[in-house]
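# Architecture and fold: a report
Residues per chain, in single letters:
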Amino acid sequence: MSGAGDYQEMAASVPQSLKAITLTHVRYRPGDPLGLFLAWVSLVPVFISLGGFVSHFLFRRELQGLCFAAGLLVSQVLNELIKHSVAQSRPAYCELLEACDSHGWPSSHSQYMFFFATYLSLLSLRRSSARRVIAAVPWPLAFLTMLSRVYLGYHTVAQVFAGAVVGLVFGAIWYWIVNTMFVDYFPMIEESAIGRWLYIKDTSHIPDALKFEYDNARAARKKVATD
């Protein structure tokens, strides 16, 4: 009896309305394999942010990549400002998803993925036309993310298309800002005290940075072997 009494006392102390962290809070219908697949697709922005950009900073520290990540953060702030200004509700199904406490227009997932796809495509094609495969990779994921947010009930079709348009346009604008304005400050940042302390670098002026690093790594290994 004491256990039941403790449970009732604990339940009574819990607030009537709880708010979930929506970063990984994705629901799907049990027994729906497509829903399960699209639920994982819906988490792609999380994987890109935590896995991709955190790993990039730890192991690469490229200024171009840091500006890319900064643009995604600015895009998300813009998304929140638009959402609060428009204040359009999510679909009625959001009650089952516990997502009605946030606005739906435009979809932040769609905006994130279309910003990511646009910036990565422009950056890849700028370096070499041979990188068309890399430039094409994020687009299927972007469209699948759009589909996942509608299929799972988090957004309407209009909301995900709005997010896609905002992400695509802002991604192109941010790419232009970085590569016509910010890029002039890259050498200064590289040579700054913080840049040298953190080993921040810029290889955007090198036509094929991968081959450049590969050749230099091999040359350094051969030099060590002969010393």
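Residues numbered from 1 in each chain as written. Predicted model: local features only at pLDDT ≥ 70, side-chain atom pairs only at ≥ 80, totals over all residues. Heavy atoms only, no water.

To keep it simple, the criterion reads: UniProt positions are given in the numbering used here, feature names are shortened, and annotations may be inferred rather than shown by experiment.
Looking at an unreviewed UniProt entry, one finds the protein named Lipid phosphate phosphatase gamma, chloroplastic, with Dichanthelium oligosanthes as its source organism. Turning to the protein, the UniProt annotation filed under Subcellular location (unreviewed entry) states: "Membrane".

### Overview of the overall build of the protein
The test is simple: Segments assigned H or I by DSSP are reported as helices when at least four residues long, segments assigned E as strands when at least two residues long, and all are numbered from the N terminus. We call two residues in contact when some of their heavy atoms are within 4.5 Å. Only the protein chains shown count as cover for residues, with accessible areas throughout obtained via the Shrake-Rupley method and a probe of 1.4 Å.
Each helix and strand in the protein was counted, giving 12 helices and zero strands. Mapped in sequence order, the helices and strands of the protein form the string α-α-α-α-α-α-α-α-α-α-α-α. Pairs at least 24 apart in sequence give 71% of the contacts found in the protein among residues at least 6 apart. Element-wise, carbon and sulfur atoms account for 69% of the exposed surface of the protein, whose accessible area totals about 13,800 Å².

### With respect to the nonpolar core
Note the cut-off: We call a set of buried Ala, Val, Leu, Ile, Met, Phe, Trp, Tyr and Cys residues a nonpolar core when their side-chain atoms join them within 4.5 Å. Relative accessibility thresholds used throughout: buried, under 20% of the residue-type maximum; exposed, over 50%; partly exposed, between the two (1.4 Å probe, protein chains only).
In terms of nonpolar packing, the biggest core is built from 29 residues, with Phe53, Phe68 and Tyr119 touching the most fellow members. Considering every element that reaches this core, the biggest residue donor is helix H6 (residues 108–127), with nine residues. Dropping the residues within four chain positions of it, phenylalanine 68 is found in contact with Phe53, Phe115, Phe116, Tyr119 and Leu120. Counting residues in each nonpolar core, the second largest holds six residues, with Ala39, Leu43, Val46 and Leu152 among its members.

### Points about the packing of helix H3 (residues 44–59) against helix H4 (residues 63–86)
To be explicit about the condition: Note on definitions: angles span 0 to 180 degrees between N-to-C directions of axes, and those axes are lines fitted to C-alpha atoms, for helices only across the stretch in contact. Left-handed describes a crossing whose near helix is turned anticlockwise from the far helix by less than a right angle; the clockwise case is right-handed. We call Asp, Glu, Lys and Arg charged. Ala, Val, Leu, Ile, Met, Phe, Trp, Tyr, Cys and Pro are nonpolar, and the rest, Gly among them, are polar.
Running from N to C, H3 and H4 cross one another at 150°; their axes reach a closest spacing of 10 Å. Relative to H4, H3 is oriented so that their crossing is left-handed. Here Phe53, His56 and Phe57 of H3 come into contact with H4, specifically with Gly65, Leu66, Phe68, Ala69 and Leu72. When its residues are assigned to classes, the contact of H3 with H4 shows six nonpolar, two polar and no charged.

### Observations concerning the UniProt feature "transmembrane region" (unreviewed entry) in the protein
Under the UniProt annotation, "transmembrane region" (unreviewed entry) lies at residues 37–59, 133–152 and 158–178. Its end C-alpha atoms 30 Å apart, residues 37–59 is made of 91% helix and 0% strand. The span residues 133–152 is 90% helix and 0% strand, and its two end C-alpha atoms sit 30 Å from each other.

### What to know about the environment of phenylalanine 68
Tracing the backbone through its elements, the reader meets phenylalanine 68 in helix H4. A relative accessible area of 6% places phenylalanine 68 in the buried class. Separated by 106 residues in the primary sequence, phenylalanine 68 and tryptophan 174 place their C-alpha atoms 8.4 Å from one another.

### As for the packing of aromatic side chains
Rules: The pairing test for Phe, Tyr and Trp rings, Trp by its six-membered ring, is centres within 6.5 Å, and the orientation test on the planes gives stacked under 30 degrees, edge-to-face over 60, and tilted for anything in between. In our convention, an over-ring charge means Lys NZ or Arg CZ found within 6 Å of a ring centre and within 35 degrees of that ring's normal.
The full count for this structure, using the stated rule, is 12 aromatic pairs. Judged by centre distance (5.8 Å) and plane angle (70°), the ring pair of phenylalanine 114 and tryptophan 139 falls under edge-to-face. Residue phenylalanine 114 is found in helix H6, and its partner tryptophan 139 is found in helix H8 (residues 138–151); the two are separated by 25 residues along the sequence. With relative accessibility at 4%, the residue phenylalanine 114 sits in the buried group. For the cation-ring pair, arginine 61 lies above phenylalanine 57, with the distance from its terminal atom to the ring centre recorded as 5.3 Å.

### Regarding a nonpolar patch on the surface
Counted only if it meets this: Nonpolar side chains (Val, Leu, Ile, Met, Phe, Trp, Tyr) within 5 Å and like charges within 9 Å form the patches, drawn only from residues with over 30% relative accessible area and no salt bridge. By definition, a salt bridge exists where a carboxyl oxygen of Asp or Glu is found within 4 Å of a side-chain nitrogen of Lys or Arg.
Together, Leu50, Val54, Phe57, Leu58 and Phe59 make up an exposed nonpolar region whose accessible area comes to about 510 Å². Mapped onto the elements, valine 54 comes out in helix H3. The exposure class assigned to valine 54 is partly exposed, which follows from its relative accessible area of 42%.

### Considerations on the confidence of the model for the protein
Atomic detail in the predicted coordinates should be set aside for any region of low pLDDT. Stated formally: The pLDDT value tells you how sure the predictor is about a given residue, anywhere from 0 up to 100.
Averaged over the protein, the pLDDT score is 82; the fraction of residues at 70 or greater is 84%. The least confident element of the protein, judged by mean pLDDT, is helix H1 (residues 2–13) at 53; the most confident is helix H9 (residues 157–180) at 94.

### Some details on unusual backbone geometry
Backbone geometry places arginine 61, a non-glycine residue, at a positive phi of 60°. Mapped onto the elements, arginine 61 comes out in the loop between H3 and H4. Phi is positive for tyrosine 199, close to 60°, though the residue is something other than glycine. Its location among the elements puts tyrosine 199 in the loop between helix H11 (193–198) and helix H12 (209–226). Overall, tyrosine 199 belongs to the exposed group, its relative accessible area being 65%.

### What about the packing of helix H2 (residues 33–41) against H8?
This is how it is decided: What sets the label is the angle itself: under 35 degrees gives roughly parallel, over 145 gives roughly antiparallel, 65 to 115 gives roughly perpendicular, and the rest give oblique.
Between H2 and H8, the least distance of the axes is 9 Å, while the angle of their chain directions is 120°. In terms of orientation, H2 and H8 fall into the oblique class. Crossing angle aside, the handedness with which H2 passes H8 is left-handed. Two secondary-structure elements touch here, H2 through Leu34, Gly35, Phe37, Leu38 and Val41 and H8 through Leu144, Thr145, Leu147, Ser148 and Tyr151.

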